[in-house]
Amino acid sequence: MTLPPGQRAIDGFPRFGTHLHHPPPPVPADPVIELGGALSESHTLSESDRAQLPRRELAADFHCVAGWSATGLRWEGTPFADLYRLRVEPLLAPGVSITHVVFEGLDGYRSIAALEDVMADDVLIADRLDGQPLTSDHGAPVRLVSPGQYGFVNTKHLCRIEFHTSAPPDPDRFSPLAAHPRARVWAEERHRYLPGRVVRPLYHRLIRPIRALSARGSSAPAE
Ligand SMILES: Nc1nc2c(c(=O)[nH]1)N[C@H]1C(S)=C(S)[C@@H](COP(=O)(O)O)O[C@H]1N2
Ligand SMILES: [Mo]
């Protein structure tokens, strides 16, 4: 099995994220995804609306920027490119050209991606993992899955997608640990300024504590 540079396989698929120990947000009774930004009108995508769109099953590994990789995950959901072509493009005024996409979660988390990166055919709005509905730990009701990009792009608990005609401001732009705007795992694009291999040792030491903290806020019953 080949992993991207600087990644190590781990057993299972831990809950992990900047949410740390905070429990996952409750799943709304009638979940929707708002589509907004540079569209001629905003649009609300309900579950039944999403059910009209094509579906795809995908086997993929998942790579966190901290250096762990969960292997052989089986996702199911709506291909992002189909959502874009069928539901977003019809809402673009003539001449408007989208370059960036912002993904927002119910917990307030945000990720920014270049449109071309999330138009890849393995990018899904996923609602099932390994044959089961997505659990809250892994992003219920739906999450972005972009296997070619680090975990931090893969927003969980997705509730809003915003389309932009230029790079939206990244609040961490000037931080030495600012995220890489492309975040492609095979090119080891971990950070905007620091080369990926420089941050590897620091990150590897963070995996254990972040993993333990994240598990504490897990939606699974406490042991
Ligand atoms: N809503 C939300 N999405 C998120 C995060 C988060 O804190 N909140 N963390 C990101 C990070 S850094 C990683 S590695 C993955 C972890 O996904 P998992 O908990 O399913 O393993 O979720 C990403 N998506
Ligand atoms: Mo991550």
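Residues numbered from 1 in each chain as written. Chains lettered and ligands numbered in written order. Predicted model: local features only at pLDDT ≥ 70, side-chain atom pairs only at ≥ 80, totals over all residues. Heavy atoms only, no water.

Student: Any chance you could break down the overall build of the protein chain for me, citing the residues and the numbers?
Tutor: Tallying secondary structure elements over the protein chain gives four helices and 11 strands in all. Computed over its C-alpha atoms, the radius of gyration of the protein chain comes to 17 Å, within 12% of the 17 Å expected for a compact globule of 223 residues. Dimensions of the protein chain, computed from the C-alpha atoms along their principal axes, are close to 50 × 40 × 30 Å. When the 223 residues of the protein chain are sorted by exposure, 48% land in the buried category. (Helix = DSSP H or I, 4+ residues; strand = E, 2+ residues; numbered from the N terminus. Rg over C-alpha atoms; globule rule 2.2 N^0.38 Å. Buried < 20%, exposed > 50% of the residue type's maximum accessible area, 1.4 Å probe, protein only.)

Student: Break down the sheet that holds strand E7 (residues 110-114) for me, citing the residues and quoting the values.
Tutor: Strand pairs in the sheet, formed through backbone hydrogen bonds, run parallel or antiparallel to each other. Read from one edge to the other, the open sheet built from five strands follows the order E3-E2-E11-E6-E7, with strand pairing classed as mixed. The open sheet is flanked by strand E3 (43-46) and E7, the only strands paired with a single partner. Between one strand axis and the next, the sheet turns by 20° as a mean value, whatever way the strands run. Against the sheet, helix H2 (residues 80-88) touches strand E2 (32-37), E3, strand E6 (100-105) and strand E11 (158-164), its axis set at about 65° to E11. (Pairing = 2+ DSSP bridges. Axes fitted to C-alpha atoms, helices over the stretch in contact; angles between N-to-C directions. Contact = heavy atoms within 4.5 Å.)

Student: An account of the site of ligand 1 is needed here, citing residue identities and associated values.
Tutor: In the neighbourhood of ligand 1, 21 residues make up the surrounding shell, with Pro14, Asp107, His138, Arg143 and Lys156 lying closest. Within the side chain of His138, a nitrogen or oxygen atom sits 2.6 Å from an oxygen atom of ligand 1. Arg143 is positioned with one of its side-chain polar atoms (N or O) 2.7 Å from an oxygen atom of ligand 1. Each residue belonging to the shell around ligand 1 can be placed in one class, and the counts come to eight nonpolar, eight polar and five charged. (Near = heavy atom within 4 Å. Polar contact = N/O pair within 3.5 Å; in protein donor to acceptor, adjacent residues only side chain to side chain. Nonpolar A, V, L, I, M, F, W, Y, C, P; charged D, E, K, R; others polar.)

Student: Give a detailed account of helix H4 (residues 196-216), specifying residues and quantitative values.
Tutor: With 21 residues, H4 extends 29 Å between its outermost C-alpha atoms, agreeing within 8% with the 30 Å of an ideal straight helix rising 1.5 Å per residue. A bend of about 35° at Leu202 is the largest found in H4. On the buried face of H4, the contacting elements are strand E5 (68-79). (Expected span 1.5 Å × (residues − 1). Bend = angle between axes of the 7 residues up to and from the residue.)

Student: Mind laying out the pattern of salt bridges, listing which residues take part and the relevant values?
Tutor: Counting across every chain of the model gives 15 salt bridges. In this structure, the salt-bridge partner of Arg55 is Asp127, at a minimum N-O distance of 2.9 Å. Placement of the pair is Arg55 in the loop between helix H1 (47-51) and strand E4 (56-63) and Asp127 in strand E8 (residues 124-129), with a sequence separation of 72 residues. Residue class for Arg55 comes out partly exposed when judged on its relative accessible area of 46%. Note on Asp127: relative accessible area 14%, which makes it buried. We note a salt bridge from Arg184 to Glu189, for which the minimum N-O separation is 2.7 Å. (Salt bridge = Lys/Arg side-chain N within 4 Å of Asp/Glu carboxyl O.)

Student: So what's going on with the nonpolar core? Residues and values would help.
Tutor: With 51 residues, the main nonpolar core has Trp75, Phe80, Ile161 and Phe163 as its most contacted residues. Sort the elements by how many residues they give to this core and H2 lands first, with five residues. (Core = buried A, V, L, I, M, F, W, Y, C linked by side-chain atoms within 4.5 Å.)

Student: Can you break down unusual backbone geometry residue by residue, with the values?
Tutor: Residue Pro141 is reached from Ala140 by a cis peptide bond, and omega for that bond is 5°. Relative to the assigned elements, Pro141 resides in the loop between strand E9 (132-133) and strand E10 (143-145). Non-glycine residue Leu20 carries a positive phi angle of around 45°. By the element assignment, Leu20 lies in the loop between strand E1 (8-10) and E2. Phi is positive for His157, close to 50°, though the residue is something other than glycine. Inspection of the secondary structure assignment puts His157 in the loop between E10 and E11.

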